[in-house]
Amino acid sequence: MDDEKEKYSLIDWIGSVIGFVVIVFIIFILIWPLIDPTPNKSSSLKENLHQATGK
């Protein structure tokens, strides 16, 4: 029984770490336009959509 509990806690810990990394990545993507270090800032989502659809 202890062995099964040990496995579950390890899997649970790994899942939590993966979830944390995904959340941090999403937050980073959302705030990137504010901290973009390039001289010519990245294109806005509207401009990218315009270029992708060709409209």
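Before going into details, it helps to say that this report is about the structure given with it.

When you go through the chain residue by residue, the secondary structure sums to two helices and zero strands. In the chain, which comprises 55 residues, the share counted as buried stands at 2%.

Our focus in this paragraph is the packing of aromatic side chains. For the coordinates displayed, the defined rule picks out one aromatic pair. Centre to centre, the rings of Phe28 and Trp32 are 5.4 Å apart; their planes meet at 45°, and the pair counts as tilted. Here Phe28 pairs with Trp32, and both are found in helix α1 (residues 2-35), just four residues apart, close to one helical turn. Take Phe28: its relative accessible area is 39%, and that puts it in the partly exposed class.

So, how was this worked out
- Residues numbered from 1 in each chain as written.
- Predicted model: local features only at pLDDT ≥ 70, side-chain atom pairs only at ≥ 80, totals over all residues.
- Heavy atoms only, no water.
- Helix = DSSP H or I, 4+ residues; strand = E, 2+ residues; numbered from the N terminus.
- Buried < 20%, exposed > 50% of the residue type's maximum accessible area, 1.4 Å probe, protein only.
- Phe/Tyr/Trp six-rings, centres within 6.5 Å; stacked < 30°, edge-to-face > 60°.

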